[in-house]
Amino acid sequence: MTLFVMDRYIGRAAASAMLVVLVCFFALTTLFAMVEELGREQEAYGAGEALRYVLYTSPRRIYELAPFVIFLGALIGLGTLAGNSEITVLRAAGTSLWRILGALAVPVLGASLAAAVIGEYAAPRLDAAGEAIRSRALQDSATIRLDGYWHRQGSVYTRVDALGTGGELIGVNQFELEGQRLRAASRAESAMFDERDGFWRLMNVRSTRIGEDRTTVVSGDETPWSSDVNPRLLAARALIDPRKLSISDLAFQIRRLDREQLRADTYRIAFWGKTLQPLATLGLALLAVGLVVGPLREVGMGARLAVGVAAGLLFKYLQDLLAPASVVFDIPPWIAVLASIAVCWAAGWILVRRAG
């Protein structure tokens, strides 16, 4: 067997296993998501709306499952080869474990790239649409009440009551401060975003200016409002958990919050988690090779699958523990995210070295 044929053979076995694992996990998570949505006791939120929400959020679930699907797929694919003594034959023929890992890296990187594209482009937009559908159905209203969403830009604090069907803002209250003193307050019935000029148009505005010796009230049909967010970014921040945003949207929110001297820890944790996900996936693939050629070399597929699920859950719990801890102990988020990945790489490296 030439090296090229061997690489294709190992890669095809791993890719087939990844596809099977993805189908199984996706079916289970979709079923659980549908059951959870149907459990929401709201008259206007029926099975049709729940199904639409689950379908819209499907790309996000695929993205979230990707590292563990790749890990279990690699473990099962290589485990099948090991169970048929093919890994043993390859090792006896002089093939190194690093060569096997290199062959495995092709489907792993391909799957990681596909997941990254889904997570950056498809998932955030469809997730936002799904959240809007669910919010409107649960509130039984064409508009989405935000329960007081606040946005700060410089000395101006803006409160938005609701989002309209076309991306317009409903009930816009603005407060301008000078130090600790209120200088102006205004309320607009609505605001529309001008895509061409890149600013908001406040409609039916009533403004109150508070001076040193008098207060002036002014009304107007339309007032421009220059803001650094468009309807998509504002809706995303108001409706979507930071972990569901794209890397570019997370970077924008971090820059904006830093400029306004506001805390962006949650966004930083999500940003580094998404940015370093390919590195985590490669670490899990290395761990899969170490497990198959090491302690799980002669066990059955059921035992491999059980250990794989346990290892994946352990890695997930470690990530979920270290990320919030970085906020508590004031650790840079990238260090907290990288720590769990380093543990995974170290475990895989040790297992491969011992087997090699």
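Above this text is the structure in question.
As the structure is a prediction and not an experimental result, all values here were calculated from the model.

Engineer: I'd like to hear about the sheet that holds strand S5 (residues 199-210), residue by residue, with values.
Structural biologist: Taken together, the 6 strands give an open sheet; going across it, the order is S1-S2-S3-S4-S5-S6, and neighbouring strands pair in antiparallel fashion. Pairing within the sheet leaves two strands with one partner each, and these edge strands are strand S1 (144-153) and strand S6 (215-225). This sheet shows a mean twist of 15° between the axes of neighbouring strands, independent of strand direction.

Engineer: I'd like a description of the nonpolar core, backed by residues and values.
Structural biologist: Counting 43 residues, the largest nonpolar core has Ile10, Phe71, Leu78 and Leu104 as the members making the most contacts within it. Listing elements by their share of this core, those giving two or more residues are helix H1 (3-38), helix H3 (58-83), helix H4 (86-92), helix H5 (97-139), helix H9 (277-293), helix H10 (301-328) and helix H11 (333-355). Looking at this core, the element that brings in the most residues is H3, giving 11 residues. Setting aside residues no more than four positions away along its own chain, Phe71 makes contact with Leu284, Leu287, Ala288, Leu291, Gly308, Ala311 and Gly312. Among the nonpolar cores identified, the runner-up in size contains 19 residues, and Ile144, Leu146, Leu169 and Leu234 belong to it.

Engineer: Can you explain the environment of Leu287? Please cite residues and give values.
Structural biologist: One can find Leu287 in helix H9. By relative accessible area, Leu287 is classed as buried at 10%. Not counting residues up to four positions away in its chain, the partners in contact with Leu287 are Phe71, Ala311, Cys344, Ala347, Gly348 and Leu351.

Engineer: An account of the pattern of salt bridges is needed here, citing residue identities and associated values.
Structural biologist: A full pass over the atoms with the stated rule returns 14 salt bridges. Two residues, Arg201 and Asp194, come together in a salt bridge whose shortest N-O distance is 2.6 Å. Overall, the relative accessible area of 12% leaves Asp194 in the buried class. In this structure, a network of salt bridges that share partners links the residues Glu37, Glu131, Arg134 and Lys244.

Engineer: Go over the side chain of Ser227, please, and point to the residues and values.
Structural biologist: Along the chain, Ser227 turns up in the loop between S6 and helix H6 (231-239). What makes Ser227 buried here is its relative accessible area of 12%. Side chain to side chain, Ser227 and Gln153 meet in a polar contact 3.4 Å long. Once residues lying within four places of it in the same chain are set aside, the contact partners of Ser227 are His151, Gln153 and Trp200.

Engineer: Just give me the short version of the environment of Asp241, but keep the residues and values in it.
Structural biologist: Mapped onto the fold, Asp241 is located in the loop between H6 and helix H7 (247-259). Residue Asp241 is classed as partly exposed on the basis of its relative accessible area, which comes to 30%. Linking Asp241 and Thr266, residues 25 residues apart in sequence, is a C-alpha distance of 9.4 Å.

Rules and cut-offs
- Residues numbered from 1 in each chain as written.
- Predicted model: local features only at pLDDT ≥ 70, side-chain atom pairs only at ≥ 80, totals over all residues.
- Heavy atoms only, no water.
- Pairing = 2+ DSSP bridges.
- Helix = DSSP H or I, 4+ residues; strand = E, 2+ residues; numbered from the N terminus.
- Axes fitted to C-alpha atoms, helices over the stretch in contact; angles between N-to-C directions.
- Core = buried A, V, L, I, M, F, W, Y, C linked by side-chain atoms within 4.5 Å.
- Buried < 20%, exposed > 50% of the residue type's maximum accessible area, 1.4 Å probe, protein only.
- Contact = heavy atoms within 4.5 Å.
- Salt bridge = Lys/Arg side-chain N within 4 Å of Asp/Glu carboxyl O.
- Polar contact = N/O pair within 3.5 Å; in protein donor to acceptor, adjacent residues only side chain to side chain.

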